[in-house]
Amino acid sequence: MANLVGDPATPKGKYTVLDTTVSSNRSVIVPQLSGHQGDAGRIVYLAIMDGETPHNMDGQKLVLKAKDASGTPKVSDTMTAIDSSAGGLVQFTVPSQFYQADGPYNTAYFELKSTSTDTVISTINVSFEVLESATIMTTGQSEVYNNEMSKTMESVNASINNQLKALQEQVDTASTLAKTAQASLDAITAAAKANSFAT
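Residue positions are counted from 1 within each chain, in the order its sequence is given. The predicted origin of the model limits local features to residues at a pLDDT of at least 70 and limits the giving and counting of side-chain atom pairs to 80 or more, whereas totals for whole chains, interfaces and linings rest on all residues. Side-chain measures here rest on the full set of heavy atoms in the structure, leaving out hydrogens and waters.

Novice: Teacher, can you tell me more about the sheet that holds strand S15 (residues 129–131) here?
Specialist: Strand pairs in the sheet, formed through backbone hydrogen bonds, run parallel or antiparallel to each other. Note: two strands are recorded as paired if DSSP finds a minimum of 2 bridges between them. A helix here means a DSSP run of H or I that spans at least four residues, while a strand means a run of E at least two residues long, and both kinds are numbered starting from the N terminus. Taken together, the three strands give an open sheet; going across it, the order is S5-S15-S12, and neighbouring strands pair in mixed fashion. Two strands lie at the open edges of the sheet, namely strand S5 (35–36) and strand S12 (103–104), each paired on one side alone. In terms of strand pairing, S12 meets S15 through two bridges, oriented antiparallel. Looking at S15, one finds that Gly-103 is bridged to Val-130.

Written as structure tokens, this is what we have:
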């Protein structure tokens, strides 16, 4: 195991305390984040605190942003459960993409963000590592991973599709009105030719 930089995390039962008031130049060692190459779906129990006070998680989420031992960026917003919003107790599931390159993470931090405005409320630096697997011969090259961006792109695509659908409905309505106007004009033209206007 590598010597990780930072202060050991404080346990709170099965939860690891992440303090939003910790200085930005300090890091917290979170052993629960560490795993072997090939791990997938590791659940980390976190207690978000504002000093000694639990941080209320209503309308907020955690995003883990990091660069692994090979320098490859990873981003995940897989906070899968809020055990107690008022108590700041959450579960964060770490995707397999975080366990590709062995070694300590170069940079890693949790962003505490508003779910409505995407504003970053606080950033908490963390330290963890990926241990070499005894059975995996090679995991291949570490790949860039950003599920937060994928979700944003899905939302943008859905919005574009909805706007295109609304535009198509407007075009269909305009086409129907044009056909009705053309039919009226044809009827007036036919009546004028037949000289059959009512007097």
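Novice: Hey, could you run me through the packing of aromatic side chains in this one?
Specialist: Two numbers describe a pair of aromatic rings. These are the distance of the centres and the angle of the planes. For this analysis, a ring pair means two rings from Phe, Tyr or Trp (six-membered ring only for Trp) whose centres lie within 6.5 Å, classed as stacked if their planes differ by under 30 degrees, edge-to-face if by over 60, and tilted for the remaining angles. For the structure on display, the rule yields four aromatic pairs. Here the aromatic rings of Tyr-15 and Tyr-45 are separated by 5.8 Å at their centres, their planes lie at 90°, and the arrangement is edge-to-face. Of the two residues, Tyr-15 is situated in strand S3 (residues 15–19) and Tyr-45 in strand S6 (residues 42–50); the sequence distance between them amounts to 30 residues. Throughout this description, buried means an accessible area under 20% of the type-specific maximum (1.4 Å probe, protein chains only), exposed means over 50%, and partly exposed covers the range between. The exposure class assigned to Tyr-15 is buried, which follows from its relative accessible area of 11%. Assessed through its relative accessible area of 23%, Tyr-45 is described here as partly exposed. Between the aromatic rings of Phe-92 and Phe-110, the centroid separation amounts to 5.2 Å while the plane-to-plane angle is 85°, which identifies the pairing as edge-to-face. Of this pair, Phe-92 sits in strand S11 (residues 89–94) while Phe-110 sits in strand S13 (residues 107–114), and the two are 18 residues apart along the sequence. For Phe-92, a relative accessible area of 0% gives the class buried. The exposure class of Phe-110 is buried, given its relative accessible area of 0%. One aromatic cluster is present, formed by Phe-98, Tyr-105 and Phe-128 through successive ring pairs.

Novice: I would appreciate a short explanation of the pairing of strand S10 (residues 79–84) in the present structure.
Specialist: Looking down a regular strand, the side chains alternate between one sheet face and the other. Summarising the sheet, S10 and S11 pair through four bridges and their orientation is antiparallel. What sits directly across from Ala-81, in S11, is Gln-91. Taking the residues that link successive antiparallel strands as the turn, the S10-S11 hairpin has four residues, and the phi of Gly-88 there is positive, at about 70°.

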